[in-house]
Amino acid sequence: MSYVKSLRGKESGVDYPIEPRTICDADFGPVEVTYDYDAMRGKVTRESIEAGPRSLWRYRDLLPIAGEPRAGLHSGWTPLVRADRLAKHLGVDELYIKDDSANYPSFSYKDRVVAVAVTKAVEFGFDTVGCASTGNLAHSVSAHAAAAGLDACVMVPHDLEAGKMVGMNVFGPRVVRIAGNYDDVNRLCSQIADKYNWAIVNVNLRPFYTEGAKTHGFEIAEQLGWRLPKHTVVPVAGGTILPKIWKAYREFITLGLVEDNRPAMYGAQAAGCDPIVTALEEGEDLFRPQKPDTIAKSIAIGNPADGYYVLQNIRESGGHGASATDPDILAAIELLAEHEGIFTEPAGGTTLACAIKLIQSGRIPRDEPICVCITGNGLKTLEAMDGRFTENQAIPAKIADFDRLIQAGNADSSALTPPPKSTLSEPTHA
Amino acid sequence: MPDSSTQPTVSVEIPTALRPQVSDQASIDVAGATVGEVLGKLRDDHPEFGTKLYKTKTDLNRFINIYLNDEDIRFLENLETPVKAGDHLAIVPAIAGG
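Residues numbered from 1 in each chain as written. Chains lettered and ligands numbered in written order. Predicted model: local features only at pLDDT ≥ 70, side-chain atom pairs only at ≥ 80, totals over all residues.

Explain the interface of chain B and chain A to me, and be specific about the residues and the numbers.
Listed as interface residues are 20 residues of chain B and, on the opposing side, 31 residues of chain A. Mapped onto the side of chain B that touches chain A, the elements with two or more residues apiece are strand S3 (64-68) and strand S5 (88-93) of chain B. If you tally residues by element for the side of chain B that touches chain A, the top one is S3 of chain B, at 3 residues. Partitioning the side of chain B that touches chain A into residue classes produces 11 nonpolar, 5 polar and 4 charged. (Contact = placed C-beta atoms within 7 Å. Helix = DSSP H or I, 4+ residues; strand = E, 2+ residues; numbered from the N terminus. Nonpolar A, V, L, I, M, F, W, Y, C, P; charged D, E, K, R; others polar.)

And the structure:
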């Protein structure tokens, strides 16, 4: 059964039926899915969830679908890694990496939101799905659309990484490159949604799409043994995932599935695109949009649609935010790879770099559980690592040559690992 | 109040979701010297639309983005941005993504 009650204007409180809807007519603000939590009590339990599939659909009672899931049957349920080697390096007691770089099928957190959006597109009878994207969303929409037998038309900025372009093109969507940044693409997409009867997942399916992001938070709580991390560090781009992890935590608390340990949320942004962190530091309720200039292209959104709620949730939770420079972002990518064997994209490097800054500044105490949310995969953004690793000369397949190489390497090990220009490379524990 | 006949006329694009409040017009020609004057006139002519466009008498609803010839007015001079004849003003609700 479905526990969905309505679509409700987040500010106005006006209720709408379950339908494709971009905004609330009353105030042009966002609309959000509401649920009957009273009806869930005693029915949606730890046991009922644990009996579900090993995918994000184990939380289907808390997702806005009417029938059976129609997409993303293997999406979600990504690893929550206890990162002890990195924790030791950073001088903290308990550190976890929620690793959506391993998400299925397109290796980013977007497989969560798209699984729900494409299921809704099928339910509503659309034959074409689309999106405005910085890359990962277009990759995910293209993959899920192909698997569901829907047409896809995805809109992206013109300067995306090759891995992301090939990664989406291979599924056969119509890819439209826009001569502009993501905010230009986003604006065009809202006009396209006006004109074409398509399911634009982050426009007219936005209220359903965003609910999928909750599953990242549900999984953190369940995989942590039905408890919440005290501190959760999340990348902020358009502002979808942080408020939805917060909503996930609140829903589990409401249903009595976890204890309320007063979890705090922290936003991570690249220094070249940090409207939310700037507003946090200046104590402003509203952010000023920025023109992005950062290597972290997947989170280069200067005008975050849900930025207002990111600010609200961070403050409500007692958290904070930080931003990281491009050299710090790249150093953090290597730090995560070298300590935990996880290769993330610059957005993930941003999140870890910001977590480290928040730890170093004392905002996040070293003796409380910390979760860093990694939302994308480094194999899609290989250009970001250009020039960081020297390509060694090939040697003959002879043991003597190998021995010489190893001896030379031992004599000058620094030649194999050029030092990154970042403040993050020093161990931070006392 | 300056005589509107001497002021430049700009076309204001209304997105579908907001059209019911302006008699289903997709675009409206409005005279004014600045973005604020144009939107203020729109508010006066369509009070129901105006109450949603503006949060207070002087501040726009935070869920609305205004673009003058494809540039967000927050990168220009906000409501004080001057307009000239033939300019295009678009009212676009903020939407999510990434």
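From this point on, the discussion continues.
Outline the sheet that holds strand S4 (residues 80-82) of chain A, listing residues and values.
Residues and elements named next belong to chain A. One open sheet accounts for 6 strands, arranged S4-S5-S13-S10-S11-S12; its pairing is mixed. Two strands close off the open sheet at either side, each with one partner strand: S4 and strand S12 (321-324). The average angle at which neighbouring strand axes cross in this sheet is 25°, direction not considered. Direction of pairing for strand S5 (residues 95-99) relative to strand S13 (residues 370-374): parallel, over a ladder of 5 bridges. Pairing of Ile97 across the sheet is with Val372, part of S13. (Pairing = 2+ DSSP bridges. Axes fitted to C-alpha atoms, helices over the stretch in contact; angles between N-to-C directions.)

Provide a residue-level description of the pairing of S13 of chain A, including the pertinent values.
Residue and element names in this part refer to chain A. Extensive coverage of S13 is indicated by the burial of 5 of its 5 residues. In terms of strand pairing, strand S10 (residues 231-235) meets S13 through 3 bridges, oriented parallel. Across the sheet, the residue bridging to Thr232 is Cys371, located in S13. (Buried ≥ 20, exposed ≤ 12 C-beta atoms within 10 Å, placed from the backbone.)

If you had to explain the sheet that holds S3 of chain B to someone new, which residues and values would you point to?
All names here are of chain B. Strands sit in the order S2-S1-S5-S3-S4 across an open sheet of 5 strands; the sheet is mixed. If you trace the sheet from one side to the other, it starts and ends with strand S2 (27-31) and strand S4 (71-72), each paired once. Sheet topology note: the strand S1 (residues 9-13)/S2 ladder contains 5 bridges and is antiparallel. If you follow Val10 over to S2, its bridge partner there is Val30. Sheet contacts for helix H1 (residues 35-45): S1, S2, S3 and S5; angle to S2, the most-contacted strand, approximately 115°.

I'd like a description of the packing of helix H11 (residues 275-282) of chain A against helix H12 (residues 307-317) of chain A, backed by residues and values.
All names here are of chain A. Here H11 crosses H12 at 45°, and the two axes come no closer than 10 Å. Put simply, H11 runs oblique to H12. In this structure, H11 crosses over H12, and the sense of that crossing is right-handed. For the pair formed by H11 and H12, the contact residues are Pro275, Ile276, Ala279 and Leu280 on the first element and Gly307, Val310, Leu311 and Ile314 on the second. (Parallel < 35°, antiparallel > 145°, perpendicular 65-115°, else oblique. Left-handed = near helix turned anticlockwise from the far one by under 90°.)

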